[in-house]
Amino acid sequence: MRRKIIAGNWKMNNDVSGTVNLISEIKKELNGKIVNADVIVCPPFTNLETAYTLVKDSSIKLGAQNMYYEESGAFTGEISPLMLKNVGCEFVILGHSERRTVFGEDDQIINKKIKSAIKHKLKPIFCIGETLNEREKGVTFKVIETQLKNGLEGLSENELSNLIVAYEPVWAIGTGKNATPQQAQEVHQFIRSLIAKMYSQNFAYQLVIQYGGSVKPDNAKELLSQPDIDGALVGGACLKADSFVKIIEAV
Ligand code: PEP
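A brief report on the enclosed structure follows.

Conventions adopted
- Residues numbered from 1 in each chain as written.
- Predicted model: local features only at pLDDT ≥ 70, side-chain atom pairs only at ≥ 80, totals over all residues.
- Heavy atoms only, no water.
- Near = heavy atom within 4 Å.
- Polar contact = N/O pair within 3.5 Å; in protein donor to acceptor, adjacent residues only side chain to side chain.
- Nonpolar A, V, L, I, M, F, W, Y, C, P; charged D, E, K, R; others polar.
- 1 Å grid on protein atoms, 1.4 Å probe; cavity = no way out; pocket = protein on both sides within 12 Å on 5 of 7 lines; lining within 4 Å.
- Points joined across faces, edges and corners; volume = space filled by probe spheres on them.
- Buried < 20%, exposed > 50% of the residue type's maximum accessible area, 1.4 Å probe, protein only.
- Helix = DSSP H or I, 4+ residues; strand = E, 2+ residues; numbered from the N terminus.
- Contact = heavy atoms within 4.5 Å.
- Axes fitted to C-alpha atoms, helices over the stretch in contact; angles between N-to-C directions.
- Parallel < 35°, antiparallel > 145°, perpendicular 65-115°, else oblique.
- Left-handed = near helix turned anticlockwise from the far one by under 90°.
- Pairing = 2+ DSSP bridges.
- Right-handed = clockwise from strand over helix to strand, strands pointing away.
- Lys, Arg positive; Asp, Glu negative; His and termini not counted.
- Salt bridge = Lys/Arg side-chain N within 4 Å of Asp/Glu carboxyl O.

## Structural notes on the site of the ligand
If you check the shell around the ligand, you find 14 residues, and the closest are Lys11, Glu168, Gly174, Ser214 and Gly235. Taking Asn9, its side chain carries an N or O atom lying 3.3 Å from an oxygen atom of the ligand. Within the backbone of Gly235, a nitrogen or oxygen atom sits 2.8 Å from an oxygen atom of the ligand. Split into classes, the residues belonging to the shell around the ligand amount to four nonpolar, eight polar and two charged.

Structure below.
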């Protein structure tokens, strides 16, 4: 049985004291509750060290929102996998649509980042998803297939044992307009069957595929009860402890 994973992508929100407050509140809200999911928080780089001091004695895990694929060197403004490991990160979000559209990351760069994360024992949360235009043109499956195949190019099933895929339709991110549970399930099922063809049935069965795109306390339960939806990557609703914890409880 796949364990559900709820991850909070804080994006460019919260300073150090905001990080202390939010993680402390999440811990307080979760205290004593039986949680059927793994919980990950992904604050901005500057707050990771502080975040780690707060989560290390809890069941909450730490992730980063991005990284560069080189270990060190003349890459002004970038953060390396070694640096993320050094401050206690276990996960890293890669290929988020904002990285693709605002910062011009393509499938080849994302593939290098996934390879580097795996080499350094960081667990990648690999985001894929179609734009509204692509959905309306009827090429959603084609886009997903291309992103998935390019992003995982050259990686074996063994190397991908800690992979998480996040299906995030771009039109649903930060818009308040989530995919319906049926729309999301249809794509998740497609991803799982494609992974089965690329690798094996067994690997596809155990792969965690999160849904992301305007997940809120009031839609989480229905989305998370779909057979191929194994958790959520949450943006806006993870910035308030009570809504993030309600999503975790929806599992
Ligand atoms: C995200 O940034 O990954 C995301 C899904 O954002 P939101 O939940 O705000 O749509």
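## Some thoughts on the layout of surface pockets
In this structure, the largest pocket encloses a volume near 380 Å³. If you trace the largest pocket, you find 14 residues lining it, with Lys11, Met12, Gln65, Arg99 and Phe103 closest to the centre. Tallied by class, residues from the lining of the largest pocket come to seven nonpolar, four polar and three charged. Its boundaries defined by the atoms lining it, the second largest pocket holds a volume of some 270 Å³. Among the residues making up the lining of the second largest pocket, the classes are represented as eight nonpolar, three polar and five charged.

## Observations regarding helix α11 (residues 241–250)
Among the 10 residues of α11, seven are classified as buried, and the element is accordingly described as predominantly covered. Inspection of α11 places Ala241, Ser243, Phe244, Val245, Ile247, Ile248 and Ala250 among the buried residues, and these make up the whole buried set. Packed against the buried residues of α11 are β1 (4–9), α1 (16–30), β2 (37–42), α10 (217–224) and β8 (231–234).

## Thoughts on unusual backbone geometry
A positive phi angle, close to 60 degrees, is found at Lys121, a residue other than glycine. Along the polypeptide, Lys121 turns up in the loop between α5 (107–119) and β5 (123–128). Its relative accessible area of 63% is what places Lys121 among the exposed residues. Phi at Ser214 is positive, roughly 55 degrees, even though this residue is not glycine. Within the secondary structure layout, Ser214 lies in the loop between β7 (208–212) and α10.

## A short note on the packing of α1 against helix α2 (residues 48–55)
Put simply, α1 and α2 touch, their axes get as near as 9 Å, and they point 25 degrees apart. As far as their axial angle goes, α2 and α1 are roughly parallel. For the crossing formed where α1 meets α2, the hand is right-handed. Across from Val16, Thr19, Val20, Ile23, Ser24 and Lys27 in α1, the residues of α2 making contact are Thr50, Ala51, Leu54 and Val55. The residue makeup of the contact of α1 with α2, split by class, is six nonpolar, three polar and one charged.

## Topic: the pairing of β8
Burial along β8 is two-sided: Gly231 and Leu233 facing one way and Ala232 and Val234 facing the other are all buried. Sheet topology places β1 next to β8; four bridges connect them, and they run parallel. Of the residues in β8, the one forming a bridge with Ile5 is Gly231. In this sheet, β8 lies alongside β7 in parallel orientation, the contact comprising two bridges. For Gly212, the partnering residue across the bridge sits in β8 and is Leu233. This β-α-β element, β7 to α10 to β8, shows right-handed connectivity.

## Concerning the side chain of Lys4
In this fold, Lys4 is placed in strand β1. Buried and unpaired, Lys4 has Asp230 as its nearest opposite-charge partner, separated by 4.8 Å. Looking at Lys4, its side chain comes within polar contact range of the main-chain oxygen of Ile229, at 3.4 Å. Beyond its immediate sequence surroundings of up to four residues, Lys4 is in contact with Asn36, Ala37, Asp38, Leu224, Ile229, Asp230, Gly231 and Val251.

## Describing the sheet that holds strand β3 (residues 60–64)
Taken together, the eight strands give a closed barrel; going around it, the order is β1-β2-β3-β4-β5-β6-β7-β8, and neighbouring strands pair in parallel fashion. Neighbour-to-neighbour, the strand axes of the sheet open up by a mean angle of 25 degrees, direction not taken into account. Of the strand pairs in this sheet, β5 and strand β6 (residues 164–167) are connected by four bridges, and their pairing is parallel. The partner of Ile125 across the bridge, within β6, is Ile164. This element, helix α8 (residues 181–198), spans β5, β6 and β7 of the sheet and lies at about 150 degrees to β7.

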